[in-house]
Every structure is written in C-alpha cells, then in structure tokens.
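Structural overview
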Amino acid sequence: MSVQIFLQGKLVGIEKFAGSEVRPDAEGNVPGEAETVVGRCRWIGMLSEVLPRAVLAELGLARILLGWSGGGGFFLVLPQENLEAACELLDAADRDVRRRSGGLMRLAYGWTENLGDWLTVRKRLNEAVFRAVHTDSETRQEDYFRAHDNGDVIEDAVYFRELSESLREAKSVGWDSEAPGRVAVGGGKHQWPVGSGEDGIAVMRYAAPSGQGSGAASPEEMAAESEGLKSWGVLRGDVDGFAPRMRRVQSVEDYVQLSVLYRQFLAGELEIQCSLADYWRRVTVLYTGGDDFAVYGAWDALLGLGREMQRLFQRFSEVHLQELPGPEGKTITMALELAGEGEGLAAVYARAGRSLEIAKNADRDCVRFFGATVEWRQMQHTGQLKDILLRMVREFRMSATRSWMN
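Everything quoted here is computed from the prediction, not taken from an experiment.

1. Thoughts on the packing of helix 2 (residues 33-59) against helix 3 (residues 83-100)
The contact between helix 2 and helix 3 brings their axes to 10 Å, and the two run at 155°. In terms of axis orientation, helix 2 runs roughly antiparallel to helix 3. As helix 2 runs across helix 3, the sense of the crossing is right-handed. Of the residues in helix 3, those touching helix 2 at Trp43, Leu47, Leu51, Val55, Glu58 and Leu59 are Ala85, Ala86, Leu89, Leu90, Ala93, Val97 and Arg100.

Next comes the structure, spelled out in structure tokens:
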C-alpha cells in the first residue's frame, strides 16, 4: 500500500516583493504604479491557487487531494510514488517565480509521510517547511555583501499590470508547464473556471470603478471621494495568534477545515463589504490570505471598513471558534497608513505592514492609525467623534482646521 505524503508549499518574500519600488522603464517613467502593485498581489494569491491544482492535474490525481490553497501557500496530499514528479514541477515553478519577481520572491516547500498522530506529523511538516524556507539564504551567505547588477534583476511589470486588468473580467484561469510561475487568464494547458463551484477558483478581484470610464479608480480618484482631508491610504489586517491556533489542531481534517474557514470568511466578508454603498467607489482590495488582508482607498472609508471587519470577525469567532480553548486566532489587529505627497502604493503598503507589526507587538485586538495604537473599543468612540466633527463642519460651517477643543 502506498504511503501518503503531506506536502506544504509557501511563497517566501511576499512582503519584500509586494512592497518593493516599481522600477521605471527605459525612459525613466513609472507607468501604472498602482496597477502593478495590485497585479503583484493578485498574482501571489492566484499562483498559490493555480499551482497546486496544476500539480494534481499534471500527475493525473484527483482534485480532492487538495487540502487548502491561496494566500501565498497550499497543502497537498500525494501518493508516495508521485512525490518525485511533484517536486520537479515545484522546482521549475520556483525558478520561474524568482525570475518574474525580480529575485525578491521564491517558492519553498516541505513534505513528510503520514505516519503517526497528526501533532507529530504536523511538527515534522513544520520543520521540513522551515528548513526549505531558510536553506536558500544559508547557502548564499557569500552573496550578502556582493553588489548586484540591476540588469540581473528584472521584474515582469508589464505582466502584472495586464494581470490586474484581465482578472477583473476573467471567466477562467490556467497554467502551462512552459511558464510554471505564470497565471494565464483565459488559456493554458490546464484551466479552471473562476467562481465558487466545486472546480472553480474564487478570485478576490474587487476594484473601485473609475469615474473616468472603464477600468479601476486611481488612488487619487478614491482620495477625492473622502470627506475632510482628501487623502488615500492602505489598511492591513492580520488575525492574532493564527499560527499557534493551527498548531493546536488535533487532526488533519480539522486542520484543513479550519484553514478553509478563515480563508472563506476573510474573502467572502471583505467582498460583500466592499460592494456596499459606503465603500464600492472608495476602496480596492489588494489581497486576502489565510489570516490577513489588505485594501487601499479613501482614508475615511478605510476607517469604517476596518471597524466593520473587526465587528464581523468578532461575531465569526463567537459562532465558529467559541469551543476552541485559548484566545489564539479569535481576534484581529489592523493598521492604517495614509499616503504622503507623491508617495506610491508600494511604499504606503510597506509602511502599513511595518505599522501592523508594531501594533501586534504592542497588543492584540487593536488598531494602529495616525501613529497611535488603540483598542477596538476605543476606536469605536473615535469613529463617533469623527462623525460629530464632520457634522459640525457641514451643518454649522465650523472650520475643519480650527482648534475649538481644550
């Protein structure tokens, strides 16, 4: 009887790549900076959905062997005799991912046999993935202080801009062995429908419509929709204690079910909220992962969206996680950063990530904005105060910049 193999893949360097500066073209221009960053994020999410399905399709294995996928990672169950072929496919994808990301991102994976109880298997799998993530950097320590020629690092920026646009109306996505790190829209050797069906791939592609015609709204257009300060920003959120929560799961079935549950909540609720009247012209989704998300848009819309997502996540925890012991995975922390003058989406995204880390290191179940970290219950009072001040400006014609409070 064939031994079952658990294989877990992870895209490494996501933060560095998504938040890296978009390089100018030969004429010194940076066309479509925001579209390029959106395309990067959509590629990361879609590649982690398409690649594990492509491995199963290439090996002639059933779709049911896909445990979970998306958000920069995936989990597969494989027969032992297919392991070598799967590793060859993933190694080829790793090389293509490095090239398309300009050397900033790569694919790491680890595997172990399904022998013993799940907690023991899970520990071995974690160790295998950890070794895969860190082996590459350890074997290239001699490169740390070597000057790199920019000609050696070329991001496929045109592809990402086109992907951002084409995914908005895509009916199917595919994969081809000749370009294993590429997500093909409407083509490819293996194809899957876009949607929520049994064989479909759910694509998080919501973008605020542009008031200038077709296409997505620019950050400046969304900033113009804000009340008060005409500015835009990036909101990022991350579930507190997600990794410890997953380590405490007692069986592989519960592990897969809980992973899918978090992913479905973040993707589903965020898409619903963004389609509501308060947000649909004012925010664009960058990505949703297994335990985190990122959106950008009008700064005041992001404040409201953050409060609503926290309220919904609290309700989600009460309904689905109440019986799980401990507080891990039951709260969510967020951070909001506003764009400075002339600042691009990549820079604001990276800054929001640093603010999120500050908030999570300081506390849990909190939000960081305007340089301060507060608990969500305090944020509720802050939102009410903002609404009062805006009403005073509109109805009583008070100056928005006047200091009237002691």
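2. With respect to the sheet that holds strand 4 (residues 106-113)
On the basis of which strands lie adjacent, the open sheet formed by four strands has the order 2-3-1-4 and antiparallel pairing. Where the open sheet ends on each side, the last strands, each with one partner, are strand 2 (66-70) and strand 4. Here the average twist between neighbouring strands, direction ignored, is 20°. Two elements, strand 2 and strand 3 (residues 73-79), share four bridges in a ladder whose sense is antiparallel. Note that in strand 3 the partner of Trp68 across the bridge is Phe75. In the packing of helix 2 onto the sheet, contacts are made with strand 1 (4-12), strand 2, strand 3 and strand 4, and the angle to strand 2 comes to roughly 155°. Against the sheet, helix 8 (residues 252-274) makes contact with strand 1, strand 2 and strand 3, and its axis sits at roughly 30° relative to strand 2, the strand it touches most.

3. Things to note about the confidence of the model for the protein
Across the protein, the average pLDDT comes to 86, with 86% of residues at or above 70. Below pLDDT 50 for its whole length, residues 137-153 participates in five contacts with residues either more than four positions away or in separate chains. Between residues 401-406, whose pLDDT stays under 50, and residues either more than four places distant or in other chains, the model counts three contacts.

4. Considerations on helix 3
Its 18 residues place the ends of helix 3 26 Å apart at the C-alpha level, agreeing with the 26 Å of an ideal helix rising 1.5 Å per residue. Looking at helix 3, one finds that the buried residues are Leu83, Ala86, Cys87, Leu89, Leu90, Ala93, Asp94, Asp96, Val97 and Arg100. Of the residues flanking the end of helix 3, it is Gly102, one or two places downstream, whose phi is positive at about 70°.

5. Concerning the side chain of Arg53
Its place among the elements puts Arg53 in helix 2. Relative accessible area serves as the criterion here: at 7%, Arg53 is assigned to the buried category. Within the structure, Arg53 has its side chain in polar contact with the backbone oxygen of Glu49 (distance 2.8 Å). Setting aside its immediate chain neighbours within four residues, Arg53 contacts Arg63, Leu66, Ser69, Trp192, Gly200 and Ile201.

6. With respect to the side chain of Asp238
On the secondary structure map, Asp238 appears in strand 8 (residues 232-239). Accessibility expressed as a relative area gives 14% for Asp238, which makes it buried. If we ignore the near neighbours within four places in the chain, the residues touching Asp238 are Asp291, Asp292, Ile332, Thr333, Leu356 and Lys360.

7. A short note on the sheet that holds strand 5 (residues 172-176)
The strand order across the open sheet built from three strands is 6-5-7, with neighbouring strands paired in antiparallel fashion. Both edges of this open sheet fall to strand 6 (179-185) and strand 7 (190-193), since each of them pairs with a single strand only. Here the strands of the sheet are splayed against their neighbours by 20° on average, with no regard to which way each runs. Relative to strand 6, strand 5 is paired through three bridges, and the arrangement is antiparallel.

8. Some details on the environment of Pro180
You can see Pro180 is positioned in strand 6. On the basis of relative accessible area, Pro180 is assigned to the buried category, the value being 7%. For the pair formed by Pro180 and Ala93, sequence separation is 87 residues and the distance between their alpha carbons is 4.7 Å. Excluding residues that lie within four positions of it along the chain, Pro180 makes contacts with Leu47, Leu51, Ala92, Ala93, Asp96 and Trp175.

9. A few points about the packing of aromatic side chains
Tallying each qualifying case throughout the model produces 17 aromatic pairs. Taking 5.9 Å as the distance between ring centres and 75° as the angle between the ring planes, the aromatic pair formed by Phe17 and Trp43 counts as edge-to-face. Placement of the pair is Phe17 in helix 1 (residues 14-18) and Trp43 in helix 2, with a sequence separation of 26 residues. Grouping residues by exposure puts Phe17 and Trp43 together as buried. Between the aromatic rings of Phe265 and Phe313, the centroid separation amounts to 5.6 Å while the plane-to-plane angle is 65°, which identifies the pairing as edge-to-face. A residue pair is termed long-range when its members are at least 10 positions apart, and Phe265 in helix 8 and Phe313 in helix 9 (residues 299-320) qualify at 48 residues. Judged by its relative accessible area of 8%, Phe265 is buried. The buried category is assigned to Phe313, whose relative accessible area is 1%. The ring centre of Tyr159 lies 5.4 Å from the NZ or CZ of Arg100, which sits over that ring.

Rules behind the numbers
Residues numbered from 1 in each chain as written. Predicted model: local features only at pLDDT ≥ 70, side-chain atom pairs only at ≥ 80, totals over all residues. Heavy atoms only, no water. Axes fitted to C-alpha atoms, helices over the stretch in contact; angles between N-to-C directions. Helix = DSSP H or I, 4+ residues; strand = E, 2+ residues; numbered from the N terminus. Parallel < 35°, antiparallel > 145°, perpendicular 65-115°, else oblique. Left-handed = near helix turned anticlockwise from the far one by under 90°. Contact = heavy atoms within 4.5 Å. Pairing = 2+ DSSP bridges. pLDDT = per-residue confidence, 0-100. Expected span 1.5 Å × (residues − 1). Buried < 20%, exposed > 50% of the residue type's maximum accessible area, 1.4 Å probe, protein only. Polar contact = N/O pair within 3.5 Å; in protein donor to acceptor, adjacent residues only side chain to side chain. Phe/Tyr/Trp six-rings, centres within 6.5 Å; stacked < 30°, edge-to-face > 60°. Lys NZ or Arg CZ within 6 Å of the ring centre and 35° of its normal.

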